[in-house]
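Coordinate analysis (summary)
What follows is the residue order along each chain.
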Amino acid sequence: MFEPTLTFAQALDNQDPLKHMRAQFSIPKQANGEPEYYFTGNSLGLQPQRARENVIQMLDAWQSYGVKGHFEGDYPWLPYHEFLTKHSAELVGGLEEEVVMMNSLTANLHLMMVSFYQPNQHKRKILIEDHAFPSDHYAVCSQLKHHGFNESDLILWQPREDELLHIEDFEALLETNHQDITLILLPGVQYYTGQVLDIEKLTKIAHSYGITIGFDLAHAAGNIELSLHDWQVDFACWCSYKYLNSGAGSVAGCFIHQKHCQNPAINRFAGWWGHDKQSRFKMENKFIPIPTAEGWQLSNPPILSLAAIRGSLETFAMAGGLRPLREKSIKLTQYAVDLLTHELSNDMKIITPMDPQQRGCQLSLMVTKTGLDGKALFNALEKNGVTLDWREPNVMRFAPVPLYNSFCDVYHFVQILKRCLEN
């Protein structure tokens, strides 16, 4: 039974089987030396201790081995990306052969569209959501332009007045436009509202019309449980610096379904790191793609970034993987909903879905108090030791992350928010 008290939050923390994971992270300090109330894992996750240790390990290897570090040491650099494959595949529900860590998110989306956007004059349109993350919108429009088309070939799935995407509207769009659509690109979790989309159902609908579908999982990877292989998703890409806690600008991830990986004739931009490993160093000019997701790699990756990712993935493994984290996330986020509703229902609106299965750990808060500027409230929270992020026009994104946030963190945030609203 919910209670709006600190004692209740402390009891929930005492019962939390993952409470020990908080000690694996470095939490920024306020000016008074106390830990921040950090709820921005949806933008940049906190630093895991293992990430720092692994980066230092690679710096030491560089110091000790020089160029020989490509082949020597406990974690030689030549196959280093392979050390990330198992845990990465587990996090997104893919086979190991379907997953690779490479490049950055938008670069990977472009590489996927090189392979999976194959338009002609009769079937050339791309469907995205109307409020897609701007980088995705830019990427799709530039692909249209590259092929000699324009934004009239872009179909937008629009949210309703509740700010949410409704699958009935998606079905109606496809029923009307399926003969023109050749590619669909959607988020796993909508960045502004925090809404979790039904990837499995969306994929089935797209495939029923013979349309290729891919997903941007920037806000889904490390946040919700995924089964990309079983759901038959064609491709997906994600960054690793949000819920995967791998550091600003760290190397991204890519999933390509097995049925596509094993097709050597599929169109792609090629580079030597995607070439057959056995003959790569023969320096021949005939490209032979690796028959896995690795076949889409271009160049050897930045090892220091991969080392940080390995540390983060090891931290997820220490927690038992995503399932127990998701169980805690549902409880932690529901507690936040209950507390916000009890304390501030007249001043704040949560636009994230109330159904726990339609949200991850992010809650998008919209200020409804008459005469109060939301950005001013955001700034006041920051001065009081609370780190959220702001998205125009009027949303504060608040993400209690199960790896390192506590129920007491949430309790104190709501009390600070309440004081800031009153003052």
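Quantities reported herein were computed from a predicted structural model and do not represent experimental measurements.

Looking at the side chain of Thr203
- Positionally, Thr203 belongs in helix α7 (residues 199-208).
- What Thr203 contacts, discounting residues up to four positions off in sequence, is Ile213, Phe215, Trp231, Gln232 and Val233.

Description of the side chain of Thr333
- Within the fold, Thr333 resides in helix α10 (residues 322-344).
- With relative accessibility at 1%, the residue Thr333 sits in the buried group.
- Apart from residues lying up to four places away in sequence, Thr333 is in contact with Arg359, Gly360, Cys361, Leu363 and Pro400.

Notes on the UniProt feature "domain: Aminotransferase class I/classII large" (unreviewed entry) in the protein chain
- Residues annotated in UniProt with the feature "domain: Aminotransferase class I/classII large" (unreviewed entry) correspond here to residues 74-223.
- The distance from the first to the last C-alpha atom of residues 74-223 is 30 Å, and the span holds 36% helix and 16% strand.

Structural notes on the sheet that holds strand β12 (residues 363-367)
- Taken together, the 4 strands give an open sheet; going across it, the order is β11-β12-β15-β14, and neighbouring strands pair in antiparallel fashion. Each edge of the sheet is formed by a strand with only one pairing partner; in this case those strands are β11 (348-350) and β14 (389-391). Taken pair by pair, the neighbouring strands of this sheet meet at an average axis angle of 35 degrees, ignoring direction.
- Where β14 and strand β15 (residues 395-398) come together, 3 bridges link them in antiparallel fashion. Pairing of Trp390 across the sheet is with Met396, part of β15.
- In this fold helix α11 (residues 374-383) packs onto β11, β12, β14 and β15, with an angle of close to 170 degrees to the strand it touches most, β14.
- Set on the sheet, helix α12 (residues 407-422) makes contact with β11, β12 and β15; between it and β15 the angle comes to about 160 degrees.

Calculation rules
- Residues numbered from 1 in each chain as written.
- Predicted model: local features only at pLDDT ≥ 70, side-chain atom pairs only at ≥ 80, totals over all residues.
- Heavy atoms only, no water.
- Helix = DSSP H or I, 4+ residues; strand = E, 2+ residues; numbered from the N terminus.
- Contact = heavy atoms within 4.5 Å.
- Buried < 20%, exposed > 50% of the residue type's maximum accessible area, 1.4 Å probe, protein only.
- UniProt positions renumbered as here; feature names shortened; annotations may be inferred.
- Pairing = 2+ DSSP bridges.
- Axes fitted to C-alpha atoms, helices over the stretch in contact; angles between N-to-C directions.

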